[in-house]
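# Coordinates in review
If you want the building blocks of each chain, they are given just below.
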Amino acid sequence: MNLGQENEYQEFKESLSQLDKGLKSISAMLNKHGEATVYFGVKDNGDICGLTIGGNTLMDIRNRIRDKIEPRIYPEIKELQDEGRNYIKVTAKGTDIPYSADGRYYIRVVSADEQADNAILRKMLASSEADIIRQKESPAQQLKFTTFFALLAANGIHPEMSEDFLWNYGLLTSDGRFNGNAYLLADNNNIRINVITFDGLDKSVMSKRTEYGNKCLLAAMNEVLQYFESINTKRVDVTGTKRIEKSLFDQASFREAWVNACLHNDWNNTLPPAVYVYDDRMEIISYGGLPYSLSLEGFYHGTSVPVNKSLMTIFIAAGLAEQSGHGVPTIVSRYGEKAFTFSDGMVMVTIPFDHAPDYAVNRNKTNAAHDDLTDNQRKVYDLLKSDGRLSQQDVAEQSGLSLGGVKKIYAALQADGLIERKGNRRSGYWIVK
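Residues numbered from 1 in each chain as written. Predicted model: local features only at pLDDT ≥ 70, side-chain atom pairs only at ≥ 80, totals over all residues. Heavy atoms only, no water.

This next bit is on the overall build of the protein. Looking only at helices and strands, the protein has 16 helices and 18 strands in total. For 433 residues, the compact-globule estimate of 2.2 N^0.38 gives 22 Å, and the protein exceeds it by more than 25% at 31 Å. Taking the principal axes of its C-alpha atoms as reference, the protein extends roughly 115 × 55 × 40 Å. Here the protein holds 433 residues, and 46% of them are scored as buried. Contacts in the protein between residues far apart in sequence, at least 24 positions, make up 63% of those at least 6 positions apart. Accessible surface computed for the protein: about 22300 Å², of which carbon and sulfur atoms make up 46%. Separation of charge centres in the protein, based on 50 positive and 56 negative side chains, amounts to 6 Å. (Helix = DSSP H or I, 4+ residues; strand = E, 2+ residues; numbered from the N terminus. Rg over C-alpha atoms; globule rule 2.2 N^0.38 Å. Buried < 20%, exposed > 50% of the residue type's maximum accessible area, 1.4 Å probe, protein only. Contact = heavy atoms within 4.5 Å. Areas by Shrake-Rupley, 256 points an atom, 1.4 Å probe, with all protein chains shown as cover. Lys, Arg positive; Asp, Glu negative; His and termini not counted. Charge placed at Lys NZ, Arg CZ, Asp CG, Glu CD.)

A complete count under the given rule lists 17 aromatic pairs for this structure. Each ring, one from Phe12 and one from Tyr39, has its centre 5.9 Å from the other, and the planes form 50°; the classification is tilted. Of this pair, Phe12 sits in strand 1 (residues 10-13) while Tyr39 sits in strand 2 (residues 35-40), and the two are 27 residues apart along the sequence. Judged by relative accessible area, which is 1%, Phe12 ranks as buried. Ring pairing ties together the aromatic residues Phe145, Phe148, Phe149, Phe165, Tyr169 and Phe178, which thus form one cluster. Directly above the ring of Trp167 sits Arg134, whose terminal nitrogen or CZ lies 4.7 Å from the centroid. The ring of Tyr278 carries the charged tip of Arg281 above its face, separated from the ring centre by 3.9 Å. (Phe/Tyr/Trp six-rings, centres within 6.5 Å; stacked < 30°, edge-to-face > 60°. Lys NZ or Arg CZ within 6 Å of the ring centre and 35° of its normal.)

Most of strand 16 (residues 346-352) sits inside the fold, with 5 of its 7 residues counted as buried. The pairing of strand 15 (residues 340-343) with strand 16 spans 4 bridges and is antiparallel. The partner of Thr341 across the bridge, within strand 16, is Met348. Where strand 15 folds back onto strand 16 in an antiparallel hairpin, the turn is made up of 2 residues, including Asp344, whose phi is positive at roughly 50°. (Pairing = 2+ DSSP bridges.)

This part covers the side chain of Ser310. Here Ser310 lies in helix 11 (residues 309-317). Among the residues examined, Ser310 registers a relative accessible area of 5% and is labelled buried. A polar contact is formed between the side chain of Ser310 and the side chain of Asn181, at a distance of 2.6 Å. (Polar contact = N/O pair within 3.5 Å; in protein donor to acceptor, adjacent residues only side chain to side chain.)

This part takes up the pattern of salt bridges. Tallying each qualifying case throughout the model produces 21 salt bridges. Arg363 is the salt-bridge partner of Asp279, the closest N and O atoms lying 2.4 Å from each other. A residue pair is termed long-range when its members are at least 10 positions apart, and Asp279 in the loop between strand 13 (274-277) and strand 14 (281-287) and Arg363 in helix 13 (residues 358-371) qualify at 84 residues. Relative accessible area serves as the criterion here: at 15%, Asp279 is assigned to the buried category. Here the salt bridges do not stand alone but share partners, grouping Glu11, Lys13, Arg108 and Asp113 into one network. (Salt bridge = Lys/Arg side-chain N within 4 Å of Asp/Glu carboxyl O.)

Before going further, it helps to spend a moment on the sheet that holds strand 7 (residues 104-109). In spatial order, the strands read 3-6-7-8; together these 4 strands make up an open sheet with antiparallel pairing. The open sheet has two edge strands, strand 3 (69-70) and strand 8 (112-115), and neither has a second partner. The sheet contact formed by strand 7 and strand 8 spans 4 bridges and is antiparallel. Across the sheet, the residue bridging to Arg108 is Asp113, located in strand 8.

Following both chains from N to C, one finds helix 9 (residues 251-263) and helix 11 inclined at 140°, their axes separated by 10 Å at the closest point. By the criterion of interaxial angle, the relationship of helix 9 to helix 11 is oblique. Note on element contacts: helix 11 touches helix 9 through Leu311, Met312 and Phe315, opposite Val259, Cys262 and Leu263. Class assignment for the residues of the contact of helix 9 with helix 11 results in 6 nonpolar, no polar and no charged. (Axes fitted to C-alpha atoms, helices over the stretch in contact; angles between N-to-C directions. Parallel < 35°, antiparallel > 145°, perpendicular 65-115°, else oblique. Nonpolar A, V, L, I, M, F, W, Y, C, P; charged D, E, K, R; others polar.)

Take the environment of Arg421 next. Its place among the elements puts Arg421 in strand 17 (residues 419-422). A sequence separation of 182 residues divides Arg421 from Thr239, and the C-alpha atoms of the two residues are 38 Å apart. With residues up to four places along the chain from it excluded, the contact list for Arg421 reads Gly428, Tyr429 and Trp430. A distance of 3.1 Å separates a polar atom in the side chain of Arg421 from the backbone oxygen of Asn424.

Honestly, that's just the spatial picture; any functional story needs more than this.
Okay, structure coming up:
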């Protein structure tokens with residue numbers, strides 16, 4: 001019988017003299033795919049050649065695996081037979097990567113075992129079941145969870161400030177201290193999520209920065225979602241035979257991109273995700289890149305490999321996520337794979353706008369109004385820009401214009417959106433745009 005070819009999931013060794021090389025293959029395959037199979041008594045081409053198996057052979061293999069591979073694995077070791085030839089099959093599964101063999105770390109590449117460099121090791125650590133954010137101690141230990149508990153209660157979960165509850169929801173380290181998850185979900189923290197709006201199509205002019213932070217991550221996430229719902233205006237297309245309403249962007253795609261950015265962000269360095277908004281698009285930025293074990297193909301097809309596993313449990317409990325893997329396919333179906341960019345440990349989702357957003361239209365209208373000001377209107381505008389609390393009489397005296405003329409100019413500037421009154425007539429002031 002022939003067992004096929006060596007690949008990223010199986011390796012062949014002719015004899016037990018190659019046992020240590022076989023263990024190296026096991027660790028390499030576990031690091032790559034979380035499962036491994038090594039046959040002993042099989043040639044490189046897959047033909048079974050057989051070997052001599054003694055009464056203690058299987059136990060000797062198990063003990064060797066125990067001594068050489070870290071963290072501990074519990075393999076299945078079977079003695080098999082084919083046409084009178086005995087051979088051994090060793091299978092193992094594990095997700096507590098990285099695994100080492102005799103103190104060294106390997107990665108499976110096609111049918112070869114290559115030593116892993118530091119960059120790959122870091123990625124493997126970030127993808128392992130170790131869940132670093134859960135093990136990392138919070139910078140503050142006096143934490144309250146009023147908002148988080150309220151969100152859980154709204155989803156039918158009854159939270160309590162007990163050690164069992166906090167442990168089950170991944171808020172404690174192994175020694176009972178509040179961890180990174182707890183800090184993210186606390187009522188008060190130093191995590192600031194930015195939504196930054198730029199004038200035009202690049203970052204040369206920033207017009208607005210809004211921070212959603214210093215509070216429970218889930219609350220800050222919801223505030224960002226609500227903000228983008230408020231600016232997702234619709235335009236009516238009547239050029240065809242039917243009246244068609246078009247949203248500025250697909251809300252479902254944005255929601256998936258934003259929730260994924262917050263969930264899969266590399267929170268170990270406390271660098272939060274952000275949203276950059278331009279005249280023609282928005283960019284949702286998160287840090288950490290793809291999980292090590294997730295291919296691009298699997299990513300686009302919706303394979304779910306949570307970077308922060310305990311945080312995923314929390315998001316699901318709060319009703320903000322589900323492990324169905326439909327998020328990325330939702331975005332791809334609407335905007336294509338080109339919506340995603342991967343570079344320098346960062347994932348960016350670009351969502352184009354269907355039409356010019358209101359803030360861009362208003363800004364362009366204001367700019368055009370600026371350009372069309374008459375000389376007298378410019379005098380009044382500049383005086384109000386220097387001091388918005390000037391009275392109309394003051395403006396008339398300083399500009400050399402009549403009070404009646406100034407009043408007409410005020411009305412024209414207001415109509416063009418260049419000035420806006422704040423407060424009452426006596427104590428208010430003018431905002432100049």
